[in-house]
Amino acid sequence: MPKKRLSEGRHSAPASSSVWRRILIGAVVLAVLTGVAGLLAYFTRTDAGGSPKEPEARASAAPSVPAKPSAGSGGGAPTPPTTSDPIAFGKAAAQALWSYDTRALSQPEHLTGLQRWMTSEAKYADWASVTKQIPDPVLWSRLRDNQQHITATVGEGHFPEVFKAALAADPGAITSAYVYAVTVSGRQSIAWAGAGGGAEARSLTLAVQCRPQQSCALAGVLPTVSP
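Here the structure is a predicted model, which means the values were calculated and not measured.

Novice: I'd like to hear about the state of the cysteines, residue by residue, with values.
Specialist: Throughout this description, disulfide means a covalent bond between two cysteine sulfur atoms. Within this structure, the stated rule accounts for one disulfide. The disulfide partner of Cys210 is Cys216, and the gap between their sulfur atoms is 1.9 Å. Residues Cys210 and Cys216 are joined through a disulfide that is right-handed, its torsion about the S-S bond being 115 degrees.

Novice: Residues and numbers for helix α8 (residues 137-145), please.
Specialist: Along α8, the positions that sit buried rather than exposed are Leu139, Trp140 and Leu143. Around the axis of α8, the buried residues are gathered within 105 degrees of arc, so they sit on the same side. Along α8, exposed side chains directed more than 90 degrees from the buried face belong to Pro137, Val138 and Asp145. The N-terminus of α8 is capped by Asp136, whose side-chain oxygen sits 3.1 Å from the backbone nitrogen of Val138. Once α8 finishes, Gln147 follows within two positions and takes phi at roughly 60 degrees, a positive value.

Novice: Could you give me a rundown of the sheet that holds strand β4 (residues 196-209), with the residues and numbers involved?
Specialist: Through backbone hydrogen bonds, the strands of a sheet pair up, either in parallel or in antiparallel fashion. Taken in spatial order, the five strands make up an open sheet running β1-β2-β3-β4-β5, and their pairing is antiparallel. Across the chains shown, the open sheet's two edge strands, defined by having one partner strand only, are β1 (100-101) and β5 (217-221). Note that strand β2 (residues 149-158) and strand β3 (residues 179-192) share nine bridges and pair antiparallel. Along β3, the bridge assignment pairs His149 with Ala191.

Novice: Outline the side chain of Gln188, listing residues and values.
Specialist: Secondary-structure assignment places Gln188 in strand β3. We classify Gln188 as buried; its relative accessible area is 4%. A polar contact of 2.9 Å, which involves the side chain of Gln188, links it to the backbone oxygen of Trp98.

What counts and what doesn't
Residues numbered from 1 in each chain as written. Predicted model: local features only at pLDDT ≥ 70, side-chain atom pairs only at ≥ 80, totals over all residues. Heavy atoms only, no water. Disulfide = S-S within 2.5 Å. Buried < 20%, exposed > 50% of the residue type's maximum accessible area, 1.4 Å probe, protein only. Helix = DSSP H or I, 4+ residues; strand = E, 2+ residues; numbered from the N terminus. Arc of directions from axis to C-beta. Polar contact = N/O pair within 3.5 Å; in protein donor to acceptor, adjacent residues only side chain to side chain. Pairing = 2+ DSSP bridges.

Quick look at the structure:
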């Protein structure tokens, strides 16, 4: 049985606040979410004139969002659902993030599949936060040596209380980017060579963009889970 399983596969360490400040949602959302640490870092910032503020200096720049792969380019993640329901999309996205098979695909191939889930609006997409949920190439190779594969079941999804309160305070605040916070809980089942296995409860808060008359897309994963 491999010594490095769940603890290494869970790439969910909080992102730095400077990285999250580059996610530009709007001045109104900033106002209603002031003082709420988890979502405040995500749902910011645009100045009153509508032009993005420059991100604070950071040690290394986050990778840009890759172009979405074409329909025939492969990739291990399932096809995103066609839905305008942020919670339904968030639950499907969480399941896609929590499931992978190192026996069948390389890490880049798996990420290619996940790119299909991302919003095409680079201003609101944080691809770096998504890749943090997946083992890096070196660890992926080690897990592949042990034939590790993970399936996930999703239980419940909801809008965090702070997000609902913000919308209630100003329902029009969402109309700049139509990005919703969705918290999802579920369970991972892990198996590897030699009939080894295990399971673990999981939860995360995603940023899901659902513009009117468009199917939802993934904008990113928040650095902390918001209840």
